[in-house]
Amino acid sequence: MSKTYSIAIDGPAGAGKSTIARRLAKELGYYYVDTGAIYRTVAYFLDLLGISPKDVDGVERYIDELTVEIQYDEDGVQHMLMNGIDVTNDIRTQDISQKASLVSAHGVVRGVLLDMQRDVAKQHNVIMDGRDIGTVVLPKADVKIFLTASAEVRAQRRTKELLAKGQKAQYEQILKEIQQRDYQDTHRPIAPLKMAKDSIKVDTSEMDIEQVIAAIREIVERKIPV
Ligand code: DC
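Everything in this summary refers to the structure shown in the same document. Keep in mind the model is a prediction, meaning the values are calculated, not measured. (Residues numbered from 1 in each chain as written. Predicted model: local features only at pLDDT ≥ 70, side-chain atom pairs only at ≥ 80, totals over all residues. Heavy atoms only, no water.)

1. Focus on the pattern of salt bridges
- All told, the structure shown has 15 salt bridges when counted by the stated rule.
- Between Glu27 and Arg217 there is a salt bridge whose closest N-O contact spans 2.7 Å. Of this pair, Glu27 sits in helix H1 (residues 17-28) while Arg217 sits in helix H9 (residues 209-223), placing them 190 residues apart in sequence.
- Looking at Glu27, the relative accessible area reads 37%, which means it is partly exposed.
- For Asp95, the salt bridge goes to Lys99, with nearest N and O atoms at 3.0 Å. In this pair, Asp95 and Lys99 both sit in helix H4 (residues 94-103), four residues apart, roughly one turn of the helix.
- Residues participating in the shared-partner salt-bridge network are Arg23, Glu27, Glu210, Arg217 and Glu221. (Salt bridge = Lys/Arg side-chain N within 4 Å of Asp/Glu carboxyl O. Helix = DSSP H or I, 4+ residues; strand = E, 2+ residues; numbered from the N terminus. Buried < 20%, exposed > 50% of the residue type's maximum accessible area, 1.4 Å probe, protein only.)

Printed below as a string of structure tokens:
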């Protein structure tokens, strides 16, 4: 098999990982793999069964009943299948964000999903975003970026985004949820969110999307042929 290239983008919730990764994947002709969506699918499945994301025994008992698949449509958009059902849109709620963060702390969940993520990267050039891509999933990724911004800026962006969609959004509440998720994602014992030693940090607090794209493209072009 010919060499595939991989770009890992890790960082906290709301740093803009998916927006940036999606754009770059399109520009480079890579697959975009949103690994948060995989954890969200697990959280959604357990939620439908009424299993608390903190219930260790429940999670361990029911995880085997779930088959998660990633599919790409003709536009390159990632779809998540939960036992064959497309749940791509259902997993995008604040409630599932919090539950995915809790569910992702279980070793059994992370173990089940690891090979699936690695397999995609073996077969395709990928930009993969998440929390542990550069540290655990693809430690040999060709490019590793740690994308971050202050919690306040991330909460402001998220508030604007929701309001623009005509949805309700309260800055203080969103900030609180972001801080809670940051805490959970960085303090779990298994594969916590942290910067890989060979990762390049990009703080987007004072940057707009175009500036971030340009900065990351420059980093990518230094490391892999594009
Ligand atoms: O990126 P996101 O907000 O969709 O991710 C939802 C949750 O999933 C996040 O709070 C933590 C977890 N997650 C993870 O533990 N590891 C990843 N590689 C991606 C997400």
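2. Side note on the site of the ligand
- Surveying the vicinity of the ligand reveals 15 residues, the closest of which are Arg40, Arg110, Arg181, Asp185 and Arg188.
- Side-chain polar atom of Ser104 to an oxygen atom of the ligand: 3.2 Å apart, as the coordinates give it.
- Considering the ligand on its own, with 440 Å² of exposed area, one finds that the protein chains cover 95% of that surface.
- In terms of residue count, the dominant contributor to the shell around the ligand is helix H2 (residues 35-48) (four residues).
- Taken together, the residues that form the shell around the ligand break down as three nonpolar, five polar and seven charged. (Near = heavy atom within 4 Å. Polar contact = N/O pair within 3.5 Å; in protein donor to acceptor, adjacent residues only side chain to side chain. Areas by Shrake-Rupley, 256 points an atom, 1.4 Å probe, with all protein chains shown as cover. Nonpolar A, V, L, I, M, F, W, Y, C, P; charged D, E, K, R; others polar.)

Spatial relationships are all this shows, so hold off on functional conclusions.
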